[in-house]
Amino acid sequence: MSNTDDPDLLDHLQRENIYADAFMADTRNLQSALSSEMKARLPATVSTPPERWGPWLYYQYIPEGKEYPLLCRKLEKETSGWLKTFLLRNGVARSNKEEVLLDWNQLAEKYGYVHVGTCRVSPDHNYLAYTVDISGGERFMLQVKDLRSGLIDPKVEVDGVVSLAWAQDASSLFYTVSDENQRPYRVLCRKLGYGHMNDIPVFTESDSSFCVDITSTKDGKFITVYIIDSANPMDGLQRICKRTTGIQYFVEHHSGLFYILTNAPLPDGQWSGEDYYLVRCPAEDIESAKLHNIILPDKDMSLCDMDIFNGHLILFLNKKGLPLLCSLNFPIQIDFKDQVYIQDLKPWYFPLPSNTCSATPGSNHDFLNTVYRVVLSSPVMPDVIVDYDMSRHTYSIVHQEEVNCDSVGQSQIPYFELHKNKIQEAQSDKKECALNSSSQRWKDFSEVYCCQREEVISHDGERVPLTIVYSRKSWQKGQSPGLLVGYGAYGEDLDKSWCSDRLSLLDRGWVVAFADVRGGGGGGPSWHKSGCGLNKHNSIFDFVSCGNYLVNEGYIHRDQLSAIGWSAGCLLVGAAMNMYPQLFRAAILKVPFLDVCNTLLDPSLPLTILDYEEFGNPQIQLNFDSIFSYSPYDNIPQGICFPSVMITAAVNDSRVGVWEGAKWVAKVRDSTCSHCSHAVIMKTSMIGGHFGEGGRYAQCDETAYEYAFLMKAFGILNE
């Protein structure tokens, strides 16, 4: 069944699509209404504010009526007053001097499907290197465009490329390629103007349990796979430290010093070996493995990431599942033998709205800049782009996502003034609130929608963060339907950012809740470790505990709880349904990882060997027993009532085989109550991949279909 070219499999999937459409036939009016109100909330055009890099201002925008963005730029010297105009108009002022570097819409029209992976502008701003997938199978083609002539270099096209990095000379391009299992394993260097026969092999990773990534330091002086001098890229590799299982090193460079984020154990048990800390060492001593000047995160915080500029070091932190950011001024004058904590270095903590759930860095390419751009978001706050001036310790709100809240049709959103929110400065354990100025306003929907964070006690006493969102007007205690969202894998943060489509549920009285279960990234690396491998059951019980909390505390009606998961998050939802089918009325499983045992036992499948680190190698008996005990496909209960379930899949999905969902659906129908199992459907895209297809309008149609399924499962089609 794993051969996606098998006509019998394709015929089976087509028949499943016909069945799904027939099952959903009585929801067509509802789908149309939902899709219309979702599209009505979208602004006609979408623009990102320009971001300075060298002499250029780079930005993206989606033209009116189009699905996909354009990457553009303008020379800053030609834009006198333009940035101010942008801020006033809340959109990009385009002129005949605008340069369109890449148009996703043209690619989609040419190939029918488009997924742009990586874009890298050369240091001299004359070339754009990018990777594009035109099948959905995540086999990316490298292309290089000469931005002066607008022509694609036909000599540079390379298949199977994953990551890119330019050398300082802007004519040497480093790239990684993947093997037949989609594992990035080799680094090569291409000199522009020469064919692939002249590509120079730089590094090959022969161990199939490891993959290779490549990037450049912010100052452009080094390329990291090991360490490559960007000014002399052919001078060979330098190793940072000897490879050790589970130990990671993330490297940046500033003024002759390497700054390294690592979780390597410290002598005398001074560090756990799970969470990260920061070290630095002279560039000339990088191979000596003598890491000095250890900087530890403060109490109750974890250090997640860093960024670096000529005058400042930026640290991404997490405190009890909530994001924090701070900057330290260069030069960092530290001369000590023992470790110091971040607080000892007088950091400036970026002011954040009190309800912020995600803080995502902007492009921030310009090493000389003193301003750091961040995108802030929450379930009740449309994405807001903020520039933090690290020299002046001030901030400015550059742009906030537009939402058309006075849309017509089925939307029940009342007209209201957007709320002015206070900010939270995390400079100590005490919460300090202040306003930067009367003109700097955080706008959110918190007067209409409630967003609250609770801690749920799991099976072993661990406190699991649960974010609960509902309409203050439409929610009814103990009577509302609800949707519980989960993922819990690979240390990835659960996406709790703003989504205007979600208002179509909230305004109908639904509760949407986000469970930051173990295995995800909500509490740093240790939170991930406690929910992966032999600890995977913790993720599942965390999710079940959150579901029970929503019901027992009256947020959701006892018989109207649904769940949704994506990819590995479907393992979480599927296992929870098997263990507690009476808890859930319905579920949506998108590109689901369900046949865990069989997939991990087949090392020929893409990414399987790399997944051993996350789930364990089932060829080891202890791991097999653990995986088999929760694998959704292997634990479907017999002869009982089962929730209504919608599976979405894609024929060209290279991460999770389309056959996993098909097998699971067939087994559920064969094993569970025949009356219930007729409401288990599967909808397959015959052209897309793991990340779906279509742009912003197509996404509305897809989401409307899913919401209509849930409403049908709950018997509320007419609401």
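Everything that follows concerns the structure shown earlier in this document.
The rules we used
- In every chain, residue numbers begin from 1 and rise along the written sequence.
- At least 70 in pLDDT is required for a residue's local features to be given in this predicted model, at least 80 for side-chain atom pairs to be given and counted, and no such filter applies to totals for whole chains, interfaces and linings, which use all residues.
- For side-chain calculations, the full set of non-hydrogen atoms in the structure is used, while hydrogens and water are omitted.
- For Phe, Tyr and Trp, rings pair up if their centres lie within 6.5 Å, where Trp contributes its six-membered ring, and each pair is then called stacked (planes under 30 degrees apart), edge-to-face (over 60) or tilted (otherwise).
- Starting at the N terminus, helices and strands are each numbered in turn, a helix being any DSSP run of H or I of at least four residues and a strand any DSSP run of E of at least two.
- In this scheme, a residue with accessible area under 20% of its type's maximum is buried, one over 50% is exposed, and one in between is partly exposed, where area comes from a 1.4 Å probe on protein chains only.
- Two strands qualify as a pair provided that DSSP identifies no fewer than 2 bridges between them.
- Each axis is a line fitted through C-alpha atoms, and for a helix only the stretch in contact is used; angles between axes span 0 to 180 degrees, taken between their N-to-C directions.
- Residue count minus one, scaled by 1.5 Å, sets the expected span of a helix.

Asker: I'd like to hear about the packing of aromatic side chains, residue by residue, with values.
Answerer: Under the definition given, this model contains 25 aromatic pairs. A centroid spacing of 4.4 Å and a plane angle of 15 degrees characterise the contact between F350 and Y388, whose relative ring orientation is stacked. One end of the pair, F350, is in the loop between β26 (348-349) and β27 (352-353); the other, Y388, is in strand β30 (residues 381-389), with 38 residues separating them in the sequence. Residue Y388 is classed as buried on the basis of its relative accessible area of 0%. Ring plane angle 35 degrees and centroid distance 4.5 Å describe the contact between Y470 and W475, whose orientation is recorded as tilted. One aromatic cluster is present, formed by F309, F316, W348, F350, Y372, Y388 and Y395 through successive ring pairs.

Asker: Any details on the sheet that holds β30? Residues and values, ideally.
Answerer: Taken together, four strands build an open sheet; the order of strands is β28-β29-β30-β31 and the sheet is antiparallel. Sheet topology places β28 (358-361) and β31 (394-400) at the edges, where each strand pairs with a single neighbour. On average, each strand axis in the sheet is tilted by 30 degrees relative to the strand beside it, whichever way the strands run. As paired elements, β30 and β31 share six bridges and run antiparallel to each other. What sits directly across from V386, in β31, is I397.

Asker: Explain helix α8 (residues 568-579) residue by residue, including any values.
Answerer: Its twelve residues give α8 an end-to-end C-alpha distance of 17 Å, which sits within 8% of 16 Å, the value for a rise of 1.5 Å per residue. Among the twelve residues of α8, eleven are classified as buried, and the element is accordingly described as predominantly covered. Residues A568, G569, C570, L571, L572, V573, G574, A575, A576, M577 and N578 constitute the buried set of α8.

Asker: Go over the pairing of strand β21 (residues 292-296) with me, naming the residues and quoting the values.
Answerer: For β21, a buried count of four out of five residues is recorded, marking the element as mostly surrounded by other parts of the structure. In the sheet, strand β20 (residues 277-282) pairs with β21 via two bridges, with the strands oriented antiparallel. Residue L278 lies in a different strand from β21, and its bridge partner there is I295. One ladder, built from two bridges, connects β21 with strand β25 (residues 340-341); its direction is parallel. In the sheet register, L296 faces β25, and the bridge partner there is Y341.

Asker: How would you sum up the sheet that holds strand β16 (residues 222-224)? Please name residues and give values.
Answerer: Here we have three strands laid out as an open sheet, ordered β15-β16-β17, and antiparallel in their pairing. Taken across any chain shown, the strands that pair with only one partner, and hence form the sheet edges, are β15 (215-216) and β17 (227-229). Bridging between β15 and β16 involves two bridges; their strand directions are antiparallel. By the bridge assignment, S216 is partnered in β16 with I223.

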